[in-house]
Amino acid sequence: MSSLLAVRELYVKVADRVLVDGVSVTVGAAESVGLVGESGSGKSLTIKAAMRLLPRGLKASGEIVFDGQDVLTSSRKELARYRAGDVGLIHQDPRAHINPSRTIGQFVTEGVVDTGQMTAAQAREAACALMRDVGIGDAERRMHQYPHQLSGGLLQRVMIVAALLPGPRLIFADEPTTALDVTVQSEVMAILLEQIQDQGRSLLFVTHDLDLAAAVTDRLAVMYAGTIVETGRSEELCARPLHPYTAGLLRSRPSTTQVRRLEAIPGRPIAAYEVGTGCPFSGRCAFTEDRCRIERPARRELEGREVACHRAEELRECVS
Amino acid sequence: MALAWSRVVPRAAGAGSPLLLVSGAAAGLLTLLAVVGPWLTPYEADATDVLAASQGPGAQHWLGTDSLGRDILSRALAGARLSFAGPALVVLISAVLGTALALFSAWHGGWVDRACNRLLNVMFAVPGILVAVLSSAVFGAGFWAPVLALGLVYAPYMARVVRSVAVRERHRGYVESLQLAGMSPLRIGLRHLLPNVFPILLAQATYGFGTALADFAAVSFLGLGIQPPEAEWGVMVAEGRSELLDGAVQQSLVAGTLIVVTVVAFNVLGAQLAGGRR
Amino acid sequence: MRRTIGAVSGALATIVAASFVIYAGLSVAPGDPVARILGPRATDEARAAVRAQLGLDDPLLERYWHWLTAALQGDLGRSLTYRQEVAGLLGPRLETTLMLVAMAASLVLVVGVAVGVAGGVARRGRPVVAGLVALGVAVPSFVAANLLIGVFAVQLGWFPTYGAGDGFWDKMWHLTLPAVALSIGYGAYVAQLTSAAVEEESGKEYVETSRGRGIPAGIIVRRHVLRNAALPVLTASGLAVAGLVSGTLIVEQAFGVDGIGALLVQSVSSKDYDVVTAVSLLIVIVFVVMTTMIDVVQVALDPRERAGT
């Protein structure tokens, strides 16, 4: 399957500190991929790099190919076209990411109008239609309101509408529900998925929530310390994790059916630049042996998945 | 004092910026000049010599002479003392007033704090130079009228920075435990809150010194502060003003440059001490 | 609305309080107005008569009340120096001062904001702007005045060295150097705050959102960064313009411009207290009105404030 987006050996550095350490991930047409990891694992930076939105001072190297075009080397014009029409980005915190002094209508339509994709009138009409689709009642009135007059859940729907309006082929969603009230999280997630699947769009979904990611994506990539430690089809990966870190994540989430003590992963997550020569997870892994501390495990195929662990075969039975 | 310094210096050194070193050295040098300057004068500061009036810089008079033949270098050096003493007192008065007000309002909180805040806001709205001029009207022109007025006008700026730190410290657990242990508010304020406030107060005072020096010199320039023939930089600028028409620029240039360099040095040093927060 | 009413009543209270402080302060100032009026050889009876006429033996509060009610009817007292009604003294001088302030304010707003925006937007220009600002803030207007007079009036002869001129264009020509001297400090202040505000807004998340949507950088700067930075810039500009008014004290004196600033300084020197009271109160009123306007406009500009209280 040819992929719509292919990230190959992506490194993100600030000065000489590595933040993203050789990430490779692909998203096919109409495919949903989850990028899962704790905060600081480099998952959001990967998305930012894929949109060339890294904060000043951070340098990306490697290859990020969207539909045959390398994003990292594309010209200013190509980049503008890519951001404006090919991809859409949904941020974690809609309240911070929407200008408080402009109306909802101005926010939703400015992307397509300023990049010449629609006239103002077309954009308003399309935006209202889309707002009704995502369950925003009285869209006309909302268009004239200011962000502070809307609830967080409603505002995130507005953000979704804004991202979808140009009809992008790929949506980047960076923890789209984390900042919302628990009661509206699943609703917003469902609306987002509906819009993506019905239109055959692709999704790269970044989250720390492994369960949520497994529920909404086709494939998962688990990140730790700036690198991908395991990838696979979502249901397989959750049912039978191969990497001890994935297994640890699965064990540390609360169960909905039984009350039991959670097993936290001991130690604290580390950043990519804190990793020594060995396996990034060796400091916290229950199965660490000498080799893990000295030699960095490469990603390799196992059971049709990819895993970066020296002892994956022998641990197959114990970790899950 | 020693304790407070040890808190300031490591942080400042940690910043390690060349701006800090340069501005610190300049401010230190100028202050030293203000202290010992009057003893370094090559001529008597008010010795007139009509035969050598309005000379440009030369071997006899390095920076030239004014229209009465007084040596400009001597007047600049002698004038440094008054030019510095005025703003130094302004900063001292405003620091004491501002800190007292800030600690008082932060300690009591509630409506006292709100009332003090209102008062500060009104005081912020008062133009300093106007108050200084009016003060000269009431108390008579001279050294003290502008010093007292400016000390009062600058107090809110001190109070604002001190208050923010004091409010934060006030709600730390240790203050409450000291209070429970029976320590008086005054002692807690002096012994525990003040040292925490000191670094930011020093930064603000340094910054304020530059502005106060300019304002103090301005009052003298207007003829309502230090009176000629006393040497002071603002007075020198005023005297230089009338010499300009005869094409004699040296007095204006020397006094003006000294004022600007001093203000820049103290402004930059204050901003650096505050950690670039200003 | 409630905030607006609060701001306006606070302003009125401040003005009344300031008028009392100024009046009370000057009433204890040295100098004997009776001697000024009658001369040194007056008889005791004549002195007593004048004292009674001026109400100098009445209690302070009563005198203040008389002054206040008279002032509200436009009677600001008499100048001892000019032997003239104070109100009549103010008229033409106020015109000169307002023109000076207007010219300086235009310079502060245009140059200050432009330099600040340049420093905030163009990262490479930032050290240059920071250096200019540090220098500009530190140059007192009376020092700048000497420099400008020395270079542009005496050496180059482009501008007059003294006075305010007659007629609009002549006045403008005369007031150019004073306006420049007056605007340097506040211009630097506005530039500094503008550049900081623009820099801060440029780092906001919603700017990143717009960049992520492929919107051209020029549009982002204009519509998001500058629009949202406008509020702090407006505040700083308002304070700066208010400050310019009291700055005229120094600049008018330095350039020999006979506006109300110079009038105040001269009246303090000559102990002409009716004039001092009137002029200083006028400056306070302008200052308070400016700061109140900033407050009110702030509320009007911010949709959150507007919808709130």
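Here goes a summary of the coordinates provided.

Calculation notes
Residues numbered from 1 in each chain as written. Chains lettered and ligands numbered in written order. Predicted model: local features only at pLDDT ≥ 70, side-chain atom pairs only at ≥ 80, totals over all residues. Pairing = 2+ DSSP bridges. Helix = DSSP H or I, 4+ residues; strand = E, 2+ residues; numbered from the N terminus. Axes fitted to C-alpha atoms, helices over the stretch in contact; angles between N-to-C directions. Contact = placed C-beta atoms within 7 Å. Parallel < 35°, antiparallel > 145°, perpendicular 65-115°, else oblique. Left-handed = near helix turned anticlockwise from the far one by under 90°. Nonpolar A, V, L, I, M, F, W, Y, C, P; charged D, E, K, R; others polar.

Details of the sheet that holds strand 12 (residues 305-307) of chain A
Residues and elements named next belong to chain A.
Phase 1 of the analysis: Across the sheet, which stays open at both edges, the 8 strands sit in the order 6-7-8-3-9-10-12-11 with mixed pairing between neighbours. Each edge of the open sheet is held by one strand with a lone partner, namely strand 6 (87-90) and strand 11 (300-302). Taken over all neighbouring pairs, the strand axes of this sheet differ in orientation by 20 degrees on average, direction set aside.

Looking at the interface of chain C and chain A
Phase 1 of the analysis: Between chain C and chain A, the contact holds 17 residues from the first and 21 residues from the second.
Phase 2 of the analysis: Counting only elements with at least two residues in the side of chain C that touches chain A, the list comes to helix 9 (205-212), helix 10 (217-255) and helix 13 (303-307) of chain C.
Phase 3 of the analysis: In terms of residue count, helix 9 of chain C provides more of the side of chain C that touches chain A than any other element does, 6 residues in total.

Description of the packing of helix 7 (residues 152-164) of chain A against helix 8 (residues 182-198) of chain A
Residue and element names in this part refer to chain A.
Phase 1 of the analysis: Running from amino to carboxyl end, helix 7 crosses helix 8 at an angle of 15 degrees, the nearest separation of the two axes being 10 Å. Comparing their axes, helix 8 and helix 7 come out roughly parallel. The two elements helix 7 and helix 8 meet at a crossing, and its hand is right-handed. On helix 8, the residues that touch Gly153, Gln156, Arg157, Ile160 and Leu164 of helix 7 are Val184, Glu187, Val188, Ile191, Leu192 and Gln195.
Phase 2 of the analysis: Here the contact of helix 7 with helix 8 is built from residues that sort into 6 nonpolar, 3 polar and 2 charged.

Topic: the interface of chain C and chain B
Phase 1 of the analysis: Taken residue by residue, the interface counts 37 residues in chain C and 34 residues in chain B.
Phase 2 of the analysis: Those elements giving two or more residues to the side of chain C that touches chain B turn out to be helix 1 (2-27), helix 6 (126-138), helix 7 (141-155), helix 10, helix 11 (260-269) and helix 12 (273-301) of chain C.
Phase 3 of the analysis: Ranked by residues supplied to the side of chain C that touches chain B, first place goes to helix 7 of chain C with 7 residues.
Phase 4 of the analysis: When its residues are assigned to classes, the side of chain C that touches chain B shows 26 nonpolar, 11 polar and no charged.

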